[in-house]
Amino acid sequence: MLRTFNCPVDTGQTERMADQYAQTGEDKRPTDIPALRWEEPPEGPVLVLLDQTRLPAEEVELVCTDAPALVEAIRSLAVRGAPLLGIAGAYGVALAAVRGYDVDDAANALAGARPTAVNLAVGVRRAHAAYRAALADGGGAPRAAEAALAAARALHREDAEASARMAAHGLALLDELLPGGGHRVLTHCNTGSLVSGGEGTAFAVALAAHRAGRLRRLWVDETRPLLQGARLTAYEAARNGMAYTLLADNAAGSLFAAGEVDAVLIGADRIAADGSVANKVGSYPLAVLARYHHVPFIVVAPVTTLDPDTPDGAAIEVEQRPGYEVTEISVPQVPVTGAGGGVPIAPLGTQAYNPAFDVTPPELVTAIVTEEGVVSPVTAQALAGLGAGAPRRGAAG
């Protein structure tokens, strides 16, 4: 089941995307439809997702009535982004519990839907633990389902609060590293409200700088092969009236060489105990470029993305995506002929290398910004101390 909401014609938005100058006026969310919400219609509870594969051409909602439907939505990237995956996973457990499905099976399937994104497993475990604890207390299945749903809602609320704190910490760090404002920030993939219970991670920092009048330019990597930057980050930037410019991923080196980048802001899908950062493929080359050109490389992620059980970058399982994502390209409203539902751009039978993520070693990361504070320099000891709750700087962050 799905409901389609056609985006209204907005010539002003078209002009904003063409000239890409900052606009004044009240900020608007990138869409009036939330990325994820729980609903309870008469036919039974459902999890409603904004299908991000259809943006920016149209806003389509997917209605998930069980965990397998949510697993498919996660694997197809209809719902994506580390924090939002954690929230979705928790709601998926609650959905299985409320509808009377096998909760253990649902939790296992959800946790394994995308192996690199640690937040997904964290969210699943949290709701599953609440469910099992309620069962152990003798509350019965209905009370256990209520406990799982309460855990999911709490995680959703906490992520929104974490997003606001990350934005504040990140803006303070930018102002410290780049006094005087006029920040020109390069970002990769999509890290805004489409991936979060709030306004995002790295994008939220850039948005805070924009609102404070200190963002001169947001450089948006297109983020091949699925174009999350071109389709989603540019969409969010335009709707928020930010000064932004889209570039092909392989143009980043030219941009650095021209001295047009003051800082790099990215998110993360998993941060190992030693500070190695797994993020959307293409992040590591940006870190290398940033180091060579003496530009701060900043990672913004909630503490749920820190994984103390993964010792280093070599231990991070990197998800391998289907080759057709590289050999085909999806174009809205264009007839498709490829095996993956897109337009072929390579000869039939071409083999493709398509890791979803790459890993940046801690020595290339200037700082990691979380809701608990800023870690810089990035060390295992500093990251281990984040759970204490106080912002940490210097040797410990």
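Per an unreviewed UniProt entry, the protein chain is named Methylthioribose-1-phosphate isomerase, and its organism is Streptomyces daghestanicus. Under Catalytic activity (unreviewed entry), UniProt gives the following word-for-word description of the protein chain: "5-(methylsulfanyl)-alpha-D-ribose 1-phosphate = 5-(methylsulfanyl)-D-ribulose 1-phosphate".

A.B. asks: Mind showing me how you'd approach the overall build of the protein chain here?
C.D. replies: Helices and strands together make up the secondary structure of the protein chain, namely 12 helices and 17 strands. Per-residue burial over the protein chain gives 53% buried out of 397 residues. About 16500 Å² of surface is accessible on the protein chain, with carbon and sulfur atoms providing 54% of the total.

A.B. asks: Teacher, can you tell me more about the side chain of Thr116 here?
C.D. replies: Topologically, Thr116 is positioned in the loop between α4 (103-111) and α5 (118-136). Here the side chain of Thr116 touches Glu319 through a polar contact of 2.9 Å, landing on its backbone nitrogen. Residues within four places of Thr116 in sequence aside, it is in contact with Asp269, Arg270, Ala278, Ile316, Glu317, Val318, Glu319 and Phe357.

A.B. asks: What is the right way to read α5 from this model?
C.D. replies: For the α-helix, the turn length of 3.6 residues means that residues three or four positions removed from each other point alike. Its 19 residues place the ends of α5 27 Å apart at the C-alpha level, agreeing with the 27 Å of an ideal helix rising 1.5 Å per residue. Of the positions making up α5, those classed as buried are Val118, Asn119, Leu120, Ala121, Gly123, Val124, Ala127, His128, Tyr131 and Ala134. On its buried side, α5 packs onto α2 (67-75), α3 (82-98), α4, α6 (140-177), β9 (270-272) and β12 (306-307). In the stretch just after α5, Gly138 is the one whose phi turns positive, near 85°.

A.B. asks: Help me understand the sheet that holds strand β11 (residues 297-300), please; the structure alone is not making it clear to me.
C.D. replies: Hydrogen bonds between backbone groups are what pair the strands of a sheet, and the pairing can be parallel or antiparallel. Across the sheet, seven strands lie side by side as β7-β6-β5-β8-β11-β16-β17; this open sheet has mixed pairing. Each of the sheet's edge strands pairs with one partner strand only, and the pair in question is β7 (244-247) and β17 (373-375). Geometrically, the sheet is characterised by an average inter-axis angle of 25° between neighbouring strands, direction not taken into account. Of the strand pairs in this sheet, strand β8 (residues 263-266) and β11 are connected by three bridges, and their pairing is parallel. Considered in β11, the bridge of Ile266 is made with Val299. Here helix α8 (residues 228-239) sits on the sheet and contacts β5 (183-187), β6 (215-221) and β7; the angle it forms with β6, its principal contact strand, is near 160°. The sheet strands contacting helix α10 (residues 283-292) are β5, β6, β8 and β11, and the helix crosses β11 at an angle near 145°.

A.B. asks: Is there a simple way to explain the sheet that holds β12 in this structure?
C.D. replies: Read from one edge of the open sheet, four strands run β12-β9-β10-β15, paired in mixed fashion. At either end of the open sheet lies a strand with only one pairing partner, and these are β12 and β15 (357-360).

A.B. asks: Even after reading the chapter, I still don't get the side chain of Ser163, so can you show me in this structure?
C.D. replies: One can find Ser163 in helix α6. A polar contact of 2.7 Å, which involves the side chain of Ser163, links it to the backbone oxygen of Gly200. Excluding its chain neighbours within four sequence positions, the residues that come into contact with Ser163 are Ser196, Gly198, Glu199, Gly200 and Ala204.

A.B. asks: Is there a simple way to think about the UniProt feature "binding site: substrate" (unreviewed entry) in the protein chain in this case?
C.D. replies: The feature "binding site: substrate" (unreviewed entry), as given by UniProt, occupies Arg80, Gly81, Ala82, Arg114, Gln228, Asn279 and Lys280 in the numbering adopted here. One can find Arg114 in the loop between α4 and α5. On the basis of relative accessibility, which here comes to 4%, the residue Arg114 falls in the buried class. For Arg114, the residues in contact, after removing those within four places along its chain, are Ile74, Leu77, Arg80, Leu85, Leu120, Lys280, Glu319, Arg321, Ala356 and Phe357.

A.B. asks: When you look at the packing of α2 against α4 in this model, what are you seeing that I'm missing?
C.D. replies: Orientation of α2 relative to α4, taken along the N-to-C sense of each, is 5°, at an axis distance of 9 Å. By the angle between their directions, the pair α2 and α4 is classed as roughly parallel. Mapping the contact onto sequence places Ala67, Leu70, Val71 and Ile74 in α2 and Ala106, Ala109 and Leu110 in α4.

A.B. asks: Looking at this model, I keep getting lost on the environment of Glu236. Mind explaining?
C.D. replies: As for its position among the elements, Glu236 is in helix α8. Its relative accessible area of 1% is what places Glu236 among the buried residues. Along the primary structure Glu236 and Thr191 are separated by 45 residues, whereas in three dimensions their C-alpha atoms are 9.7 Å apart.

A.B. asks: In this structure, what is going on with the pairing of β6? I would like to understand it.
C.D. replies: Counting buried positions over the seven residues of β6 gives six, a clear majority of the element. The pairing of β5 with β6 spans five bridges and is parallel. Bridge assignment links Leu186 to a residue of β6, and that residue is Trp219. In this fold, the crossover linking β5 to β6 by way of helix α7 (residues 202-211) has right-handed handedness. Two strands pair when backbone bridges link them, and β6 and β7 are joined in this way by four bridges, in the parallel orientation. Paired with Trp219 across the bridge in β7 is Thr245. The β-α-β motif built from β6, the intervening α8 and the parallel element β7 has right-handed crossover chirality.

A.B. asks: What am I meant to see in the packing of α3 against α6 here?
C.D. replies: The axes of two packed helices give the description: the angle between them and the distance between them. Relative to each other, α3 and α6 sit at 165°, their axes nearing to 8 Å. Here α3 is positioned roughly antiparallel relative to α6, judged by the angle of their axes. α3 and α6 meet at a crossing whose hand is left-handed. Where α3 abuts α6, its residues Pro83, Gly86, Ile87, Ala90, Tyr91, Ala94, Ala97 and Val98 lie against Ala145, Ala148, Leu149, Ala152, Arg153, Leu155, His156 and Asp159. Residues that form the contact of α3 with α6 fall into these classes: 12 nonpolar, two polar and two charged.

Cut-off values and rules
- Residues numbered from 1 in each chain as written.
- Predicted model: local features only at pLDDT ≥ 70, side-chain atom pairs only at ≥ 80, totals over all residues.
- Heavy atoms only, no water.
- UniProt positions renumbered as here; feature names shortened; annotations may be inferred.
- Helix = DSSP H or I, 4+ residues; strand = E, 2+ residues; numbered from the N terminus.
- Buried < 20%, exposed > 50% of the residue type's maximum accessible area, 1.4 Å probe, protein only.
- Areas by Shrake-Rupley, 256 points an atom, 1.4 Å probe, with all protein chains shown as cover.
- Polar contact = N/O pair within 3.5 Å; in protein donor to acceptor, adjacent residues only side chain to side chain.
- Contact = heavy atoms within 4.5 Å.
- Expected span 1.5 Å × (residues − 1).
- Pairing = 2+ DSSP bridges.
- Axes fitted to C-alpha atoms, helices over the stretch in contact; angles between N-to-C directions.
- Parallel < 35°, antiparallel > 145°, perpendicular 65-115°, else oblique.
- Right-handed = clockwise from strand over helix to strand, strands pointing away.
- Left-handed = near helix turned anticlockwise from the far one by under 90°.
- Nonpolar A, V, L, I, M, F, W, Y, C, P; charged D, E, K, R; others polar.

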